[in-house]
Amino acid sequence: MEKIVRQSMLYDFYGELLTEHQKSIYEEVIFNDLSYSEVATINNISRQGVYDMIKRCDKILEDYEAKLKLVDKFLKAKEQIKLIKEAACQLKDMNSDERLNIKIKEIEEYSDSILEEF
């Protein structure tokens, strides 16, 4: 997974567990794409301090994921829902019973609804 995407997902799941100061600096670098120097100037700290903060936050977020596995479970659930939808589509194509096709359509709609939430 691309580093920025992973950082974003970890932050989405565990970001609230960081301090306000950590969140502020992390968001400026990761989400607002500011350089370490820009963030350092804004926050009146050293560039090295920003670098260290990002590294520390990455480690904290990775440690939470190592223990809780929420991102991993999320990605697996999303993939399984896609497989359910694909199986329902294949079953619908193989079947001519209209009542069963209606139920299969419901399964597809539920799958779509869940995937949209992700």
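Residues numbered from 1 in each chain as written. Predicted model: local features only at pLDDT ≥ 70, side-chain atom pairs only at ≥ 80, totals over all residues. Heavy atoms only, no water.

(A) Summary view of the nonpolar core. In this structure, I25, Y26, V29, V50, I54 and L61 are the most contacted members of the largest nonpolar core, which totals 18 residues. Mapped onto this core, the elements with two or more residues apiece are α1 (3-14), α2 (20-30), α3 (36-43), α4 (47-68) and α5 (70-94). At five residues, the largest contribution of residues to this core is made by α4. Apart from the residues within four sequence positions on either side, Y26 is in contact with Q7, Y11, F31, I54, C57, D58 and L61. (Core = buried A, V, L, I, M, F, W, Y, C linked by side-chain atoms within 4.5 Å. Buried < 20%, exposed > 50% of the residue type's maximum accessible area, 1.4 Å probe, protein only. Helix = DSSP H or I, 4+ residues; strand = E, 2+ residues; numbered from the N terminus. Contact = heavy atoms within 4.5 Å.)

(B) A look at the packing of aromatic side chains. Under the criterion given, the structure shown has six aromatic pairs. Arranged with centres 6.3 Å apart and planes meeting at 45°, the rings of F13 and Y14 form a pair that is tilted. With a centroid separation of 5.8 Å and an interplanar angle of 25°, the aromatic rings of Y14 and Y64 are classed as stacked. Pair noted here: Y14 is in helix α1 and Y64 is in helix α4, with a separation of 50 residues, a long-range link. The exposure class assigned to Y64 is partly exposed, which follows from its relative accessible area of 27%. Ring-pair connections join several aromatic residues into one group, and the members of that group are F13, Y14, Y64 and F74. (Phe/Tyr/Trp six-rings, centres within 6.5 Å; stacked < 30°, edge-to-face > 60°.)

(C) Region of the structure containing the packing of α2 against α3. The contact between α2 and α3 brings their axes to 9 Å, and the two run at 145°. In the crossing of α2 with α3, the sense of the turn from one axis to the other is right-handed. Between α2 and α3, the contacting residues are S24, I25, E28 and V29 on the first element and Y36, V39, I42 and N43 on the second. The residue makeup of the contact of α2 with α3, split by class, is five nonpolar, two polar and one charged. (Axes fitted to C-alpha atoms, helices over the stretch in contact; angles between N-to-C directions. Left-handed = near helix turned anticlockwise from the far one by under 90°. Nonpolar A, V, L, I, M, F, W, Y, C, P; charged D, E, K, R; others polar.)

(D) Spotlight on a nonpolar patch on the surface. A cluster of nonpolar side chains, namely F13, L68 and L70, defines an oily patch on the protein surface of about 230 Å² accessible area. If you trace the backbone, L70 turns up in helix α5. Look at L70 and you get partly exposed, because its relative accessible area is 34%. (Patch = residues over 30% accessible without salt bridge, like charges linked within 9 Å, V, L, I, M, F, W, Y side chains within 5 Å. Areas by Shrake-Rupley, 256 points an atom, 1.4 Å probe, with all protein chains shown as cover. Salt bridge = Lys/Arg side-chain N within 4 Å of Asp/Glu carboxyl O.)

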